[in-house]
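Observations on the three-dimensional arrangement
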Amino acid sequence: MAFDPNRPIFISDTTTQNWGNIKGQQILTARSEERRGRNYELGIELLAQINNLINKWAQLKILVDAKASAVVQAQIQTPLDLFDEAGLAVRLRAVLEAAVAVGLSMNITMGQLAEMLKAKPQGRGLSGQLLEILLNETQLEGALFGQYAVGFMAYANFVTVGSLHKNENFPEPAFQFLYEVGMGFIVGGGYRSYIHVAMPHPRRLVELFSNKLIDGIIGKAIASQRDQAIMLGAMLRIGILVSYEISDQLSSEISINTDEIARKVVTIVWRQLQRVVFLQMGLFFRNQVVSLLNRSGLPSDQTAPVLRSLQDIQPLQFPSYSSEMFTSVTHLASSIQEEAKKQDMLAAVSALWAAAYFITSTSQDTGGISFPEFSGALPTQFSLEVRHWINTSLNRDKDASLTQKDLLRFLLDKPVASALQGAENISDIGKIVGPTIGSDAQQGIQRLFSTQAELTSTGGFRTVLSTMSRPFDDYVDREISGRSEAISNVLFDEPEIVVLFQRGLVPGIQIVSDILLPEVAKGFQNYDRKTMQEMLSGALLTMLGRSVVYVMGTLTSVVNTRIENILRDAARNVTSVLKPLGVQDIVRKPLEEAVKIIADQLAPLPANVQNQLFERAANLVSPIEGNAVEYANRLKNDVKYMPQLDEIEGIAKLLLQHLSGNMINFAVKLIPALFQALIDELLEKIEQLLGELNKILDTFVEIIKNIVTKKILDQLVGPFLELAKNSAEVLSFNIFDLIGAGQVKAAFFKALDGAVRSAVERDILPIILLPVNALKLDPRKIVDTFRGVSDLSFDTFDRLFTNQIFEQIETQLSKALRMKRIGLDLEVPVSFSVPLPWPLGEQSISHTFRLADLVMPSSQVLNLIMKVIRDNFRFAQHDNQFSLLVRLIQQVLTFQDRINQLQQEKLQALQKYSS
């Protein structure tokens, strides 16, 4: 499939849904069978600590009806059947009755992932090429979910499983990865990262992957051990292809068809050994042609270019039989003058041509499982000289057209006899196949190219396997197992490839040779289907699984670096999940705080923990370590046997430690938010009650304002009049000779009362009414007045209530009036009628007397105002408000007492849950 570097990996689904319905749930549910799994006991202390904390948490009954969801046991599994389920699963689960999920956004493309992989040690060299194949041949899709929950919980799950077959948990061949973590102290949450690696064409993936891996290993080994490396490649391919094809058949059929399995095994073995024979003959006759050319007597300027081309031939890149090089060699052979040398050269060149043809045709073979048949015409005929030689060797008309069958007859006669003397691999193959007919090596090689009918004429494929099983196994023990360390040494610069070789490829062929071949021959007498599939899966799981783990680890590292900010952003949208979660708005702020704490503390794995998790995961998907046969027997004898047990226990411990190490901090940080939610709700209710109380107080304030407005003027005039009279004592009333002082004084005092009233109303009253109009009663102080009062009879309430009102008013007015000048500069206009001598008559005269600094102390003014209020305001006149006021005040006091109680409970909870 085409690799699209711009394709995003994570697909965000922003809908709110039940946590149990989101992607990845099917692999999170532990299977009931105990095969390759157990309830985790080595972490019993940490599990007990977590359980004890959760049960201790559940004693806090506040906010909502939150139930404890204890982690009763942790389950670990290492399923090994890659055609059912293989990988690893560490499940520290919590069943959540109230939990919802919301999709989170995560932006990373396939191209970015590829670049990140290249930057890692495993992303370079041959292992990097394997990762490229994986990315090209799979379809990655990720999902990231945030969790919001109500309950007491602590959980973490780390699962990497895969199947090359469709089944209940895998609707398509795929690897699946899931990591999730969460915590809840009444409210809480977490997140899940899920990655699905679909394998649309698993057979092709296995072939491409194994070919690249095996060719890479051979390419490094060829320099020092060419022939052994070529045979090694064939054997390793047999191990992989047989493991895949037989596992595929075993998982697809209801009953085991042993004969068909035998046919497939023989077919795969035959195809691989035939390729080795052709390649070794090609290399053998290439060397022979080079030697003959050097002794041909032809001019060096003619032979040198051809010799270079021949010597440059690489075993894994053998030129096509139609290459111009072979035509040039044939022409040179025809140019040799000495007849004997010419005949030898034509014999060698003809064998080289024929071998090259079959090398080309078999290298294009896709690795199918049909029995190889060499028949049919050639795409193009060989050169005339070669055709003549081959036909003559076959006692045919030299000009007859050659077919594949003709070429094979030719090669299997004198050329193979010659090659057996100089090509050790061909001799080894002859020894492996020879016992099927009880004959020598050459007849064994010829037997390798029999038709299916000829091969099974004396028995079926099971018989073939039975007779060849021992020599095949002897070769594997001697040349593969015995040389594996030496071959590993040439791979020293790529440690990942060493692991794939030692723990995947070599055990794969060992299990095929030591167990599968004799077991198929016997009709599966000693191994059940499931165990056989587990054994055969080891090489495939190691080969593919490690690369998958590196991809998962790289994606997880990106998630890990971003998850804190992602969850913090998600915390802002808590309101949208309250209704689906089935809770009231009271949990919004604590839930938001819980998500923030998780984002800060629990979600980002420490880098060293993450590295350890995936290092251990890579080892877990490389289950075979040490002797492969002993491994297989342990699988057979103990269904609970878990390869790499220490690794999966290590993962479980890391997760348990991560959980237990954060639980106390999580609780202590969340407790204030939980209690504050209750307090905030009570405060909101108090504010509502105080609002109602305030409306009643406002009506009383308006009444008091009206009283003051109407009555304060009369109370002020008298004192200011007294001030004016006192100030008038210093006035001189002898202002006119015509009028007596007594008469003027009498007129002054007669006008003084009106002048004072007018001046007070004009200048003093606004100053006083301004703070009066600004009066505002504090309902909290009214409530505080009744704290601890048990007698709420009308008389008691009247006294306390009115006293508090008067106290607040007096306090406010005192502050308002203290800084003000409450005084008059008084003008008193006086008019007189003065009698004049006749004939002038009477004359009107006006005069204005001025009195300055008629100032009244603010305290005196305040006393006057308060006297007016006290003398005129009567609560009894408003007794219809009594019951309502009492109810409001009592409710506020009750809620305030509850808040104080919650504050104490919060301190107690912090102390209780901090250890």
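Look above for the structure.
Read on for a plain summary of the structure. Everything numeric here is computed off the predicted structure, so don't read it as measured data. (Residues numbered from 1 in each chain as written. Predicted model: local features only at pLDDT ≥ 70, side-chain atom pairs only at ≥ 80, totals over all residues. Heavy atoms only, no water.)

Turning next to the packing of helix 20 (residues 529-571) against helix 23 (residues 607-620). Relative orientation of the contacting elements helix 20 and helix 23 amounts to 165 degrees, with a least axis distance of 9 Å. When the axis of helix 20 is compared with that of helix 23, the two are roughly antiparallel. Remark: the crossing between helix 20 and helix 23 carries right-handed chirality. Between helix 20 and helix 23, the residues in contact are Arg546, Val549, Tyr550, Met552, Gly553, Thr556, Ser557 and Asn560 and Gln610, Phe614, Ala617, Ala618 and Asn619, respectively. Of the residues that constitute the contact of helix 20 with helix 23, the class distribution is 6 nonpolar, 6 polar and 1 charged. (Axes fitted to C-alpha atoms, helices over the stretch in contact; angles between N-to-C directions. Helix = DSSP H or I, 4+ residues; strand = E, 2+ residues; numbered from the N terminus. Parallel < 35°, antiparallel > 145°, perpendicular 65-115°, else oblique. Left-handed = near helix turned anticlockwise from the far one by under 90°. Contact = heavy atoms within 4.5 Å. Nonpolar A, V, L, I, M, F, W, Y, C, P; charged D, E, K, R; others polar.)

Looking now at the pattern of salt bridges. It is possible for side chains of opposite charge to pair when their charged atoms get near one another. Counted according to the given criterion, the structure contains 42 salt bridges. Within this structure, Asp428, Arg478, Glu479 and Arg483 form a network of salt bridges that share partners. (Salt bridge = Lys/Arg side-chain N within 4 Å of Asp/Glu carboxyl O.)

Tracing the sequence through the fold places Gln610 in helix 23. Contact partners of Gln610, with chain neighbours within four places excluded, come to Gly553, Thr556, Ser557, Asn560 and Leu605.

Here strand 9 (residues 174-185) lies mainly inside the structure; 12 of its 12 residues are buried. Of the two faces of strand 9, the one carrying Ala174, Gln176, Leu178, Glu180, Gly182 and Gly184 and the one carrying Phe175, Phe177, Tyr179, Val181, Met183 and Phe185 are both buried. Relative to strand 9, strand 8 (residues 153-163) runs antiparallel, the two being bridged by 11 bridges. By the bridge assignment, Ala154 is partnered in strand 9 with Met183. With 12 bridges connecting them, strand 9 and strand 10 (residues 187-198) associate as antiparallel partners. Bridging across to strand 10, Ala174 finds its partner in Ala198. Counted between consecutive antiparallel strands, the loop separating strand 9 from strand 10 contains 1 residue, among which Ile186 sits at a positive phi close to 75 degrees. (Buried < 20%, exposed > 50% of the residue type's maximum accessible area, 1.4 Å probe, protein only. Pairing = 2+ DSSP bridges.)

Time to look at the environment of Gln610. Residue classification places Gln610 among the buried positions, given a relative accessible area of 7%. Gln610 sits 527 residues away from Phe83 along the chain, and the two C-alpha atoms are 28 Å apart. Among the polar contacts made by the side chain of Gln610, one reaches the side chain of Asn560 at a distance of 3.2 Å. (Polar contact = N/O pair within 3.5 Å; in protein donor to acceptor, adjacent residues only side chain to side chain.)

The next thing to look at is the packing of aromatic side chains. A full pass over the atoms with the stated rule returns 36 aromatic pairs. With a centroid separation of 5.0 Å and 80 degrees between ring planes, the pair formed by Tyr321 and Tyr357 is classed as edge-to-face. Of the two residues, Tyr321 is situated in the loop between helix 8 (300-311) and helix 9 (324-335) and Tyr357 in helix 10 (residues 339-363); the sequence distance between them amounts to 36 residues. Tyr357 carries the same exposure label as Tyr321, and that label is buried. Plain terms: the ring middles of Trp353 and Phe382 are 5.0 Å apart, the flat faces sit at 55 degrees to each other, and that makes the pair tilted. Pair noted here: Trp353 is in helix 10 and Phe382 is in the loop between helix 10 and helix 11 (384-393), with a separation of 29 residues, a long-range link. Look at Trp353 and you get buried, because its relative accessible area is 5%. (Phe/Tyr/Trp six-rings, centres within 6.5 Å; stacked < 30°, edge-to-face > 60°.)

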